[in-house]
Each structure stands twice: as structure tokens, then as C-alpha cells.
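Structural overview for review
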Number of protein chains: 2
Amino acid sequence: MRLLLTGCALFALSLPVMAGPAVAPSSQIETDLLPASLLQISETEAFSRYVFLVDKEQRKLSVFERNGELIQKITEYPADIGKMGGNKTKRDDHKTPEGIYFLQERLSQPKIPFSLYGALAFTTNYPNLFDKRENKTGSGIWLHAIPDSVPLTRGSRGCVVVRNDVIKKLADYIKLGETPILIFDHVNYVSKSEHDKRRQDLSRFVESWRQAWENQDIEKYQTFYDEGFKAPGFNYKSWMSHKKNLKSKYEYIKVHLSQPYIVQHNDQLLVKTLQRYESDKHVDYGVKTIYALKSGDTYKIIREEWAPFSQQEVAAAIARENSMTASSQKTQ
Amino acid sequence: MRLLLTGCALFALSLPVMAGPAVAPSSQIETDLLPASLLQISETEAFSRYVFLVDKEQRKLSVFERNGELIQKITEYPADIGKMGGNKTKRDDHKTPEGIYFLQERLSQPKIPFSLYGALAFTTNYPNLFDKRENKTGSGIWLHAIPDSVPLTRGSRGCVVVRNDVIKKLADYIKLGETPILIFDHVNYVSKSEHDKRRQDLSRFVESWRQAWENQDIEKYQTFYDEGFKAPGFNYKSWMSHKKNLKSKYEYIKVHLSQPYIVQHNDQLLVKTLQRYESDKHVDYGVKTIYALKSGDTYKIIREEWAPFSQQEVAAAIARENSMTASSQKTQ
């Protein structure tokens, strides 16, 4: 952990206001400076309590962990990135994409060769829904290793590359399909108080959206959405008329959200939560992911995804129902 | 089933050689005429024994079933398609894509409104790997229903649309993630003997590929691949050097394939099989899907996908191992 201090200390010095003594003890620096983009790691058990953060400029991959209400950097490693600078836009441009991704599948020998991918590889969901909206192309953006003889400064075809001993350690933090990997050109760090403020602002945004939905206040609800909004099977117009229709059908609805991931990347905002939806006629559980873009001083939702929970997961979710209700109230 | 005879009989009359009397009894027509594109339905239990076939010109959806070695049409229904004619190429072109797809997820009320999607909807994997290679865009191509008051001649935004009573019947044939839905502008039917010939030709193609691979005859093996070949993490060159490398590592490999789906669409060929791969150092099971394009009088593989089997599925696969070996021998 000592090795991490240099980078953190440099950021600390550049902050205008810094609590504590001029040369802060290491523990304080690590607690006080938090990544501006990673505002909240969900406490939902089915999700991942670890988040990977890649700083392309620093060529580093950090692992952050949820620790109660806190976010803590627990480790950091050197990483190689695409040999071309800038944000990936198309197939074979040899650039590392910047954005909010999730680690999907695990690959190892003999399916993939050690000479290209080292001991292990994890696929990502590039292009994500933000990327698809911008018609970005390409695929096969992975987190993987490389033989120890290859320097981590060679430049990849767009993948994030770490050492073999590192990928094996990282594997222990990865829940397939769940662990976020956030890739930034440059990771900004902010003070804990600024981080708290930003997290609270966005928690309020999510909670206002939830309330407008639960109250079936369609007029308010639709202010949260961009007119170019799409969800599978819906555009803005059909989505709103669907909600109006449900309002006429259901005497009430209740929407509970678990404490969500809240992640920003430039003007992008991703919120992922475990959702319990109840009406006088039914109950369902699913994973809700919201993709929003900055619009003036607020955000507008441009995509919404929902995936049902499996039976097993539902049983666990019902067991957690009280704690979910409690945590959704926290954000009010 | 009587309603189906008109279409079939018309096709029968256009065939140059037709066994049996001038007016064949219905059972014979249905047995003798088989869809030229759907050459084999896999007998692998983890897959689907039913295949949906959509004829855009006829505006019909048929269900085919594997019945031992035979393929049989078991039912057929009217279907609506995109309001614009031709093959889908881009987002919002209101065309129904033509190709080889699989039904993925099931959606119902209240997630989707009855007014737009009727009682049930099933998503497809459009754009598939053939489509992505051609940079086709768009998403949300579904098989769904519509309120009974809406005629099936209105034209959709690209989806395949059937009646509410029909989608409920179709749901019984669907294994999510597995059931193929083949969409054609026009479905050609051929005689059983011609169908047998085509299936055998392609089975031989698959078997020759399997043998070249198993024999680690790289020179022959690479003749099956297009130079633009890609698999996750590989291009043609790195794929072949990976195989050469494995050859130097393993004393032997054995490749068993279950009886595959063999489906054609114009110049496209899709082969999907349960694969058991064994070397002197390990054994693994997975679903292998091959995407090939017609090239002269043969096919060249342009994409290859492999997905691991779950532990449960592996156990079942091991139990079926003998029958798999037997069926792979059948194709020799």
C-alpha cells in the first residue's frame, strides 16, 4: 500500500482546500481523497462490493471496495492500455474505450493463448448502451495479462493489460457480470466532503425519480427523461403512455430500490439498483439500470434496462426486503 | 393443417421431379417437401427440438420439430412483418431482418403494454454476428402479439407479429436462448432426397473440419477459414498460431461434436453443436457456433463462438457422452 502514496499525495497537494496538516498522515490522505466519478458502491449482495478503476493517463488500475458507507482504495497496479491515445470510437482503432463497463466472462488456457493474454482474461460489455447510442463499433475489449517478458508500456489493441500475478489477485475481486470497471482518461479525486455532496445530490435525483414514479405523477416523472429515450420495445412516447395506462389500471404502486451504484463518466451517469415493484395486482423483482446524460444542471434518462431476478435471487431479495426499504428511505 | 396445403401444393407443382401421384395425399406432400434452409435440427437435449421459420412473402410463421432423423412442420400461423419491404440494415428502417436468430427473453405485462405487444413477447439476438460483420444497426426485433382488433396486415416496425392465442401456443415450443427463429423473404422447399443430399454435404463439411482439427492438421484446418476470420480475442493469424502452439503442447486432442443444427440463409451457414474437447492434459465442454459464408463451392468460417457449459450441464453432457460419440461418428 505504501507505493500508492505518491500519486495520492500529488493529487492532495493540488486541492485548494485540504483538511488536516500540510503533510497529512497516509491514512488520512487515503480516506480524504475519493474518485469523483465513483460516488457509491451498491451494498446489494447480488452485486459486487469491488469496483475497478483504470486511469489511462497514470496507466494504473485501482480496486475500490465498499466498506460500510465508505469507499476505499484497497490496491493499485500498473496497467497497459491501447497503443493509440484517446477514446475508442471504432473497430481496430487500437484505443482503450473510456466509460462505465462491467466484467462479463472469464477466459483462460487453452481457450486463449498465454502468449497473447497471459494467465487470465475477463471480457467487458464494450460497447455499452452509451457507446451504442453514439454508434461506436468494435468488440473484444478485455482486462487480461501478458507474458512477464513483455513490458507494460508496449501498448495494446485497446485492452487493459496487467501482470500475471496481478490478474490472479484481481480475479478474487471479480463477480462475473457484476464487477464494474470504470475506464477514464484521467481520474479526478475530490475531498470526502465534496464526494459526499455529489453523492447526495445524485441520490436525491434518483429518489425524486423514484417518488415521481411511485406517486404515478406522470407529469413530473417525464421530466426525468430525454425525448430521445429508449428502452427495449419503447420510445419516449410509448413509454409514457405505458406508464399512464398502468396508472389507470393500478390503485397504487410501490417502488423500492436498493442502495444503487452511482457512477459518472464525463456527462454520463449510470445508476444500477435492485428494484422491487409492487402494485395492487402483482410484485416483481429485477435489476434496473439507468443511463442518463447531463442536461444543464440535471440529468435526463436516455436508456433504461430491466432484467428479472431468478427465483433463488428473488427469495434472497424478499429476505432482504426490510433492509431495502430502509435504505431507500435513507436517500429521501 | 389443411390450410397449409395450398402453399405446399404450389411449391410441389414447381418441382421438376415429384415422387408419387399427380395429386399427392396431404401426408405425403408434407413429408416430401422440406425447407431447403433448415437442414438439421440438433438432437442435443440442451438445445431446442423446435425451430420457427418465418416466410415474409407468405406472411407465415411455421413450427418445425425434430422427429428422430426427420424434420416435420407441425403447425403454421399467419404473421405480420415490418411495414417496409426488404431486409433490415439499419435502426428504424421498419424492415424485418432476414437471417438465423435465436429467441432470447420472455416479456409480458406489466413490463410491456398489451396495446403494443399483446399477451407475450420474445426478444431475438438481432443483430447477429453475420449482421454485425455487415455493420447492421438497430435492436428490439421481437416475436410478439398484438390486440386482436389490430389486423395482421398493418405492418410492424420490424418485429414478427402473431395473434394472442398463437403466441401462447408458441410459448410452449420455446426454450429461451435456444429456440432458433429463421426469417426469410421466401422459404424454398425441396424434396426429401434433395434435402438429404444437402444435409449430408454440409455434415461432411462439418466432419472434415472436425477431423482436420482433431488430427491437428493445421494446413488442412486453415483451409476451412476465411482470412477475415475473427473469434473473441483472435484474428485469422493469431487463431492459427494458437492452434499450432496447442499442437506442440498436446500429444493428442479429441473433438466430439453432438449432432448439430445446420441452417443456411442465402450464402450464410450456421452450425451449432455441443462440443467435447479433450487433450492429454484436460477436458472441456461447451456450445460451439460456427458462422460460415459460401465461397465458391464450399464455405469459409468467418466467426466462431464458444460458450462454456455450466457444471450441471457438464454432468448431463458426460452422461450423454457415449451417444454424442456415436452421433459424431454418424456423420463420417
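Residues numbered from 1 in each chain as written. Chains lettered and ligands numbered in written order. Predicted model: local features only at pLDDT ≥ 70, side-chain atom pairs only at ≥ 80, totals over all residues. Heavy atoms only, no water.

Moving on: the relation of the copies chain B and chain A. Under the fitted operation, chain B is carried onto chain A by 0.0 Å of movement along the axis and a turn of 180°, and the coordinates agree to an RMSD of 0.0 Å. The superposition of one copy onto the other is thereby described by a two-fold rotation axis. Here 100% of the contact residues of chain B are again contact residues in chain A; the copies associate through an equivalent surface. (Least-squares fit on C-alpha atoms with pLDDT ≥ 70 in both. Contact = heavy atoms within 4.5 Å.)

What follows concerns the interface of chain B and chain A. Contact with chain B, which involves 24 residues of that partner, is made by 25 residues of chain A. In total, about 2,100 Å² of surface goes out of reach between chain B and chain A, with carbon and sulfur atoms giving 55% of it. Its largest share of buried area at the contact with chain A, chain B owes to Pro110, Lys111 and Gly233 of chain B, together 28% of the area lost on that side. Between aspartate 284 of chain B and lysine 111 of chain A there is a salt bridge, with its nearest N and O atoms 3.3 Å apart. The interface formed by chain B and chain A contains eight residue pairs in polar contact (both at pLDDT 80 or more). (Buried area = accessible area lost by both parts, 1.4 Å probe. Salt bridge = Lys/Arg side-chain N within 4 Å of Asp/Glu carboxyl O. Polar contact = N/O pair within 3.5 Å; in protein donor to acceptor, adjacent residues only side chain to side chain.)

What follows deals with the sheet that holds strand S4 (residues 60-67) of chain A. All names here are of chain A. The strand order S5-S4-S3-S10-S6-S7-S8-S9 describes an open sheet built from eight strands, whose pairing is mixed. Two strands bound the open sheet, and with one partner strand each, they are strand S5 (70-78) and strand S9 (160-161). When strand S7 (residues 120-124) meets strand S8 (residues 142-144), the two strands line up antiparallel, connected through three bridges. Each bridged residue has a counterpart across the sheet, and for alanine 121 the counterpart in S8 is histidine 144. Taken strand by strand, helix H5 (residues 164-171) contacts strand S3 (50-55), S4, S5, S7 and S8, and its axis lies near 60° from that of S7. (Pairing = 2+ DSSP bridges. Helix = DSSP H or I, 4+ residues; strand = E, 2+ residues; numbered from the N terminus. Axes fitted to C-alpha atoms, helices over the stretch in contact; angles between N-to-C directions.)

All right, on to the pattern of salt bridges then. Residues and elements named next belong to chain A. Going through the model one piece at a time under the given rule, you end up with 42 salt bridges over all chains. For glutamate 134, the salt bridge identified is with lysine 136, shortest N-O distance 3.9 Å. By relative accessible area, which is 46% here, glutamate 134 ends up partly exposed. Three or more residues are tied together by salt bridges with common partners; here these are Lys60, Lys73 and Glu76. (Buried < 20%, exposed > 50% of the residue type's maximum accessible area, 1.4 Å probe, protein only.)

Another point: the sheet that holds strand S10 (residues 180-184) of chain B. In spatial order, the strands read S5-S4-S3-S10-S6-S7-S8-S9 (chain B); together these eight strands make up an open sheet with mixed pairing. Bordering the open sheet on either side are strand S5 (70-78) and strand S9 (160-161) of chain B, each of which pairs with just one other strand.

Below, the discussion takes up the domain arrangement of chain A. Residue and element names in this part refer to chain A. One can read the domain layout of chain A as domain 1 (34-189) and domain 2 (191-325). With 34 residues of domain 1 in contact, the opposing surface of domain 2 contributes 29 residues. Both faces combined, the contact of domain 1 with domain 2 buries some 3,000 Å², and carbon together with sulfur accounts for 62% of it. At the junction of domain 1 and domain 2, the tally comes to one salt bridge. Between glutamate 178 and lysine 272 there is a salt bridge, with its nearest N and O atoms 2.7 Å apart. (Domains from an automatic or database assignment.)

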